[in-house]
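These are the residues of each chain, in order.
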Amino acid sequence: MISPTSIKRLLLASAIVLAILAAAGCSTLGYYAQSIQGHFAMLRAARPIPEIVADPSTAESLKQRLQRAERIRAFASSELALPENLSYRSYADLQRPFVVWNVFATPELSLDLKQWCYPVVGCAGYRGYFDREAAEQAAEQLRAEGYEVSVSGVPAYSTLGWFADPLLNTFIGGNEGQLAGLIFHELAHQVVFVGGDTTFNESFATAVEREGVKRWLAENGDAVSRNAYADFARRRGEFLNLLLQYRGLLYENYVGRESDDVKRRRKQQLFAELKDDYARLRASWDGFAGYDRFFVQDLNNAHLASIGAYNDLVPAFDALLAQVSGDFPRFYEEVKQLAALPRERRDASLRGMLAQR
C-alpha cells in the first residue's frame, strides 16, 4: 500500500525528471520512464508488516523473518542513530530474484568504468534497470560499441529517504546478519550521500553495515546466528580480497609500457589464474559454492572494476569511527563534514586515514 505522501513525492519527482529530459531524446526518456514505472510498481506491491503478519495466509517462516526485520529496524535507529522513518516497515514480494539489474562497462584495456549522469544523484559507473531483459539489451548495445560489459543483479537499493523503501523478497531470506547488514547499509545512504562519488558512498555504508551487524549480533544473536555470519563474512572477505588482488594486477598490466597485444595476452593469463586461485580457495570452504555463479561467467574488466567501489575506503571509515570511540552520531557528523569538501580534499583526507592504519 502506497502512502499519500509517497504518491505525491513520486509524481513530483517523475514530473521533474521527465520535464528535464523531454528534450534529451527518446532513449534517455525511455530509460527514466522505466525507472519511474519500476519504482512505482515496487511501492504499489508493498504492505505494512503488521498487516502481513496478521494475515492467516502468510507462511509462518515469512512471519518470523518479518518480525525479526522489525526488531533489526528498531535497533538501527535506537542503537546506530540511523533515520527513524517508514523505510523497511513494509514488505513487497516482487516475484523475481533481484529488484534491479546494474549494467557496468569498461574499455578493453582499462578498469575505468563508463559513467552515466543522473538528476540529483550525479554520475555513477553503472546503469540500473528494473527489467532484466532491458538490462541485457543495453549490455548488447555497449558490447557493439566496443565495451566489456557485466550485468549484475541487485537485491536492494535506497531512494535516499525520498520514499519509504520496503523490505523485499529479494533479500529477506538471508541469514540474520546478512539481513541486518543490508538494512543498515541502505539506511546509511539516507544519512550521507555525495552525488557522483560512488566509492565514498558505498564504502561509508559498508562500514556502517559491518559495525552495525557486529553490535546487533553481540546484543541479540545466538551462537548459531553469530557463527553463520562469521562464516559468511570470512568467505566474503576472502572472495573480495582475491578479486581485489587481481584487479590490482590487471591495473598494473594496463598502465604498463608494453604493446596492446602483450597486454591482451597478459590479461587472458590473469583471468585464467584468477579462476584457478578461486578453485583452490573454494576447496577450503567445506563445500560452500555461493560464489561459483560469479566464476562461471566469461569474466572481463567490468566484473572486477566495480569491486573497489564498495570496499576501497572502508578501512578509512573504520578508522574514523574508532577515532570517535564508536559514537555513531559523532561519526555521521564527521562524515558529513568530509562530504562537504571538494572531492580532491575529501579523497586526500580519507587516504590520509588509510596511511595511518
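Please read all numbers here as calculations on a predicted model, not as lab measurements. (Residues numbered from 1 in each chain as written. Predicted model: local features only at pLDDT ≥ 70, side-chain atom pairs only at ≥ 80, totals over all residues. Heavy atoms only, no water.)

Here's the deal with the sheet that holds strand β7 (residues 148–154)
Taken in spatial order, the three strands of this open sheet run β6-β3-β7, and their pairing is antiparallel. A single partner strand is all that each edge strand has here, and the edge strands are β6 (127–129) and β7. Sheet twist, expressed as the average angle between the axes of neighbouring strands with direction ignored, equals 25 degrees. Pairing of strand β3 (residues 100–106) with β6 involves three bridges; the strand directions are antiparallel. Within β6, the position partnered with valine 103 by the bridge is arginine 127. (Pairing = 2+ DSSP bridges. Helix = DSSP H or I, 4+ residues; strand = E, 2+ residues; numbered from the N terminus. Axes fitted to C-alpha atoms, helices over the stretch in contact; angles between N-to-C directions.)

Some words on the confidence of the model for the chain
For the chain, the average pLDDT comes to 90, and 91% of its residues sit at 70 or higher. Here residues 1–26 scores under 50 on pLDDT; set against residues more than four positions off or in separate chains, the count is 26 contacts. (pLDDT = per-residue confidence, 0-100. Contact = heavy atoms within 4.5 Å.)

Topic: the packing of helix α4 (residues 60–80) against helix α7 (residues 198–220)
Contact geometry for α4 and α7: axes closest at 11 Å, N-to-C directions at 110 degrees. In this view, α4 runs roughly perpendicular relative to α7, as classed from their interaxial angle. Taken as a pair, α4 and α7 cross one another with a handedness that is right-handed. Across the interface between the two elements, Arg71, Ile72, Phe75, Glu79 and Leu80 from α4 touch Gly212, Arg215, Trp216, Glu219 and Asn220 from α7. Class assignment for the residues of the contact of α4 with α7 results in four nonpolar, two polar and four charged. (Parallel < 35°, antiparallel > 145°, perpendicular 65-115°, else oblique. Left-handed = near helix turned anticlockwise from the far one by under 90°. Nonpolar A, V, L, I, M, F, W, Y, C, P; charged D, E, K, R; others polar.)

Concerning the state of the cysteines
Following the criterion strictly, the structure yields one disulfide and no others. Covalent S-S linkage joins cysteine 117 and cysteine 123, the inter-sulfur distance amounting to 1.8 Å. Looking along the S-S bond of the cysteine 117-cysteine 123 disulfide, the torsion reads about 90 degrees, which is the right-handed sense. (Disulfide = S-S within 2.5 Å.)

Comments concerning the sheet that holds strand β2 (residues 90–92)
Across the sheet, three strands lie side by side as β1-β2-β8; this open sheet has mixed pairing. With partners counted over all chains shown, the strands left at the sheet margins are β1 (47–48) and β8 (167–168), one partner each. With two bridges connecting them, β2 and β8 associate as parallel partners. Along β8, the bridge assignment pairs alanine 92 with leucine 168.

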